[in-house]
Amino acid sequence: MTPSMSHRFRTTLRGIGVRQVRLVCGIILFSYLLSHFLNHALGNISLEALAAGVGYHLVFWQFLPVAVLFYAAVLTHGGLGVWALYQRRQFSRTTLEPLQLLLGLSIPALIFSHIAGVRIGHVLYGHEKLYPQVLYSYWAGPSWRIWLMSAALLTSWTHGCIGLHFWLRLKPFYRRAAPWLLACAVLIPALALLGFYRGGRDVVSASATPQWRAENLSVRQMGVPSEQASLELIMNGFLIGYLGLLGAALVARGVRALNERRGGMVTLSYNNGRIIRVPKGLSVLEASQRNNVPHASTCGGRARCSTCRIRVIGDPGGLPAPSPREAFVLAQVGVEDPSIRLACQLRPTHDLSFFQLFMPNLTPGERGGQRSGIGQERYLVSLFVDMRGSTSLAEKRLPFDVVFIVNRFLGAVSQAVLSHGGQPNQFVGDGMLALFGLAVDPQMACRQAIEAAQAIATNIAELNSVLSHDLQDPIGFGIGIHGGEVIVGEIGYRDHMVFTALGDAVNVASRLQDMTKTLGCQVIISADVYARAGLAAGMLPQHEVEIRGRAEPMRVRTAMDAVELARQTRPGEGDVA
Ligand code: FES
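No experiment lies behind these values; they were computed from the predicted model shown.

What counts as what
Residue positions are given per chain, counting from 1 as you read along its sequence in written order. Local features in this predicted model are restricted to residues of pLDDT 70 or higher, and side-chain atom pairs are both shown and tallied only at a pLDDT of 80 or more, whereas totals for entire chains, interfaces and linings draw on every residue. Hydrogens and water are ignored here; the side-chain numbers use all heavy atoms of the structure. Strands here are runs of E lasting at least two residues and helices are runs of H or I lasting at least four, both read from the DSSP assignment and numbered beginning at the N terminus. Burial classification: accessible surface area is computed with a 1.4 Å probe over protein chains only, and a residue below 20% of its type maximum counts as buried, one above 50% as exposed, and the rest as partly exposed. Only heavy atoms enter the contact rule, under which two residues are in contact if any of them lie within 4.5 Å. The Shrake-Rupley method, run with a 1.4 Å probe, gives the accessible areas here. Residue values count only the displayed protein chains as cover. Here an axis means a line fitted to C-alpha atoms, over the contact stretch when the element is a helix, while the angle between two N-to-C directions is reported on a 0 to 180 degree scale. If you view the pair so one helix is near and one far, a crossing is left-handed when the near helix is turned anticlockwise from the far one by less than a right angle, and right-handed when it is turned clockwise. In this count, Pro and Cys sit with the nonpolar residues alongside Ala, Val, Leu, Ile, Met, Phe, Trp and Tyr, while Asp, Glu, Lys and Arg are called charged and the others, Gly among them, polar. Note: two strands are recorded as paired if DSSP finds a minimum of 2 bridges between them. Whenever two N or O atoms come within 3.5 Å, that pair is a polar contact, provided that in protein one can donate a hydrogen and the other can accept it, and provided that, for residues adjacent in sequence, both atoms are side-chain atoms. Note that patches include only residues with greater than 30% relative accessible area and no salt bridge, and the join distances are 9 Å for like charges and 5 Å for nonpolar side chains (Val, Leu, Ile, Met, Phe, Trp, Tyr). By convention in these notes, a salt bridge is any Lys or Arg side-chain nitrogen within 4 Å of a carboxyl oxygen on Asp or Glu. Stacked, tilted and edge-to-face are the three classes assigned to paired rings of Phe, Tyr and Trp, where Trp is represented by its six-membered ring and a pair needs centres within 6.5 Å; plane angles under 30 degrees give stacked, over 60 edge-to-face, the rest tilted. By definition here, charges over rings are those cases where NZ of Lys or CZ of Arg is within 6 Å of the ring centre and within 35 degrees of the ring normal.

(A) Layout of the overall build of the chain. Regarding its fold elements, the chain presents 19 helices and 13 strands. Going through the 577 residues of the chain one by one, you find that 47% of them count as buried. Counting only contacts in the chain whose residues sit at least 6 apart along the sequence, the fraction spanning at least 24 positions is 72%. In the structure as shown, the chain presents an accessible area of about 28100 Å², 64% of it carried by carbon and sulfur atoms.

(B) Broad picture of unusual backbone geometry. Positive phi values are uncommon outside glycine, yet N292 reaches one of about 55°. Among the secondary structure elements, N292 is positioned in the loop between α12 (284-290) and β3 (309-313). For N292, a relative accessible area of 39% gives the class partly exposed.

(C) The arrangement of the packing of helix α15 (residues 399-419) against helix α16 (residues 442-466) in detail. It is the contact of α15 with α16, at a shortest axis distance of 8 Å, that shows an interaxial angle of 145°. α15 and α16 meet at a crossing whose hand is right-handed. On the side of α15, the interface is formed by R408, F409, A412, V413, Q415, A416 and V417, while α16 contributes A452, A455, I456, N459, I460, L463 and V466. A per-class count over the contact of α15 with α16 returns 11 nonpolar, 2 polar and 1 charged.

(D) How the structure looks around the sheet that holds strand β4 (residues 340-342). Spatially, β2-β1-β5-β3-β4 is the arrangement adopted by the 5 strands of the open sheet, whose pairing is mixed. Strand pairing shows two members of the sheet lacking a second neighbour, β2 (275-279) and β4, which therefore form its edges. When strand polarity is set aside, the average angle formed by the axes of neighbouring strands in this sheet is 40°. Here β3 runs beside strand β5 (residues 352-356); their pairing, made up of 4 bridges, is antiparallel. When the bridges of β5 are listed, R311 appears paired with F355. Packed on one face of the sheet, helix α13 (residues 324-332) meets β3 and β4 and runs near 125° to β4.

(E) Broad picture of the side chain of Q133. Along the chain, Q133 falls in helix α6 (residues 131-139). Here Q133 falls in the buried class, since its relative accessible area comes to 3%. In this structure the side chain of Q133 is engaged in a polar contact, spanning 2.7 Å, whose partner is the backbone nitrogen of L130. Residue contacts for Q133: discarding those within four places in its chain leaves E128, N216, Q221 and M222.

(F) The arrangement of a nonpolar patch on the surface in detail. Where nonpolar side chains cluster on the molecular surface, the patch consists of V123, L124, Y125 and I234 and spans about 340 Å² of accessible area. Ranked by the residues each element gives to the nonpolar patch, the list is headed by helix α5 (residues 97-125), at 3 residues. Tracing the backbone shows I234 in helix α11 (residues 225-263).

(G) Expanded view of the packing of aromatic side chains. Across all of its chains, the model carries 15 aromatic pairs by this definition. Aromatic side chains Y138 and F196 sit 5.8 Å apart centroid to centroid with 75° between the ring planes, which places their arrangement in the edge-to-face category. Linking Y138 in helix α6 with F196 in helix α8 (residues 174-206), this pair joins segments that are 58 residues apart in sequence. Grouping residues by exposure puts Y138 and F196 together as buried. Put simply, the rings of Y32, F60, W61, F70 and Y71 touch in pairs and so form one group of aromatic residues. Note that R145 overlies the ring of Y138, its terminal NZ or CZ placed 4.8 Å from the centroid.

(H) Fine view of the pairing of strand β1 (residues 265-269). Counting buried residues in β1 gives 4 out of 5 residues, a clear majority hidden from the surface. Direction of pairing for β1 relative to β2: antiparallel, over a ladder of 5 bridges. Residue pairing in the sheet places V266 in a bridge with V278 of β2. Counted along the chain from β1 to the antiparallel partner β2, the turn is 5 residues long, and its residue G273 has a positive phi close to 95°. The pairing of β1 with β5 spans 2 bridges and is parallel. Paired with S269 across the strands is S353, a residue of β5.

(I) Representation of the pattern of salt bridges within the structure. On inspection of all chains with the given rule, the structure shows 8 salt bridges. The partner of E286 in a salt bridge is R347, and the shortest N-O contact between them spans 2.9 Å. Of this pair, E286 sits in helix α12 while R347 sits in the loop between β4 and β5, and the two are 61 residues apart along the sequence. A relative accessible area of 24% means that R347 is categorised as partly exposed.

So, in structure tokens, the structure goes:
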């Protein structure tokens, strides 16, 4: 494994937390549900179609490695659900989270009789219950069993859909795909229930014939009454054990709350003058939510977005150390300052004063709520340009002159960015951040950014020749380019919201731009962007540079000027070295 691969591997490992494990297990379980429900839907065609479908379903899900993965996911996801019941101190009242947890915790109780009848009966007594036997036991038995199964089906599906919504809502394609996903989310369980009904009616009418009963309701398939009684005992035992487990989690919550009250309260002071007192053990975000203090939290406290960031006033030395997940997220957004923490992860043990770094958007619907506008996670290329020598320019000229020259500079840069598909995003003094990839794929975004850098250099050369009679020295500049997953969305306060990108890739691009001064070049492109753009290998010189906040050095390509950049960047095989 190369050093950069092992670095990436370690970085990925550091980013794995309980939520990531829960998500992966949830996806496995949702895939099972999807396959099972599509199978149910075949009941709308015929009993033969149901039988054929279950054959494929079982071949896949009973394949040993898949079965092991599936049962591990069942146990892990279920265990994490009970853990969440104990561990979450406060749920956001404006989101679906409490409903999702309630539905998730109901599933084992609703589904266990089905599992006991089909799987445990098979393992203990060799019962062979497929659709004919299962449908018969529902539709020829007491009607509450039909309602119970329908409730289990809808509960598990709704729980899974809410989980998928939380996972996907930050993805760029989600807004476009949402209507289609919603249609599937409604259609699939509706078809599954209809198939369950149609299949059940077909089985009941077929069971009127002695031959069908002899073929489908034999002792080998259905078992004997004593075996059924044992299965019911197991089922009741499970139900009592499970409810006891939930009760124990609730009692543990109560005990913890009492201990926390005895252990003392902490005072949290916000920058707007608000002061609240909460028991120790709550995260700062949970404390805000409990006391209706607006607090930005785009990901809902899942340690994914960093919008809940706070800057602690005073000595941050007494704070609990960041968890690996918190440290990972802070590193991703380039935070090195120990006084900046994630409010959703920090559980203060002492009084705390802090600033919220992102103010929530207080629209009427969210007043008293917690979330600012939802952002999107996506791959973007950031290009930072900064004008050189503007300070000495300002010393020697009238302010109007300086503004004129800086505006000409930013105009030339913006024109180059726009003509290559980028978007000028932020103007900071005499510098600019441009974003590429808002409407194109990553490879095209990388190419556009590099071509825009060439065009910027050309435009500035022209500007220098136009202003040559008026400038002692030509205008200089530095460009840094890097790409990666960032959060894009609106940030700011009330009427002062701006669309921008936040993330490690943006910070790195800015640092590469700074580095052009020390490396004595005009353009620095991260090797990753250069490789993605599919440019011919080995053309621009490569360096390894240290980036503040990154454990490993980073490979970059440098160009002394536009001529070298234009000459050495031509479409090729792609440099993946
Ligand atoms: S709320 Fe998203 S990281 Fe804290």
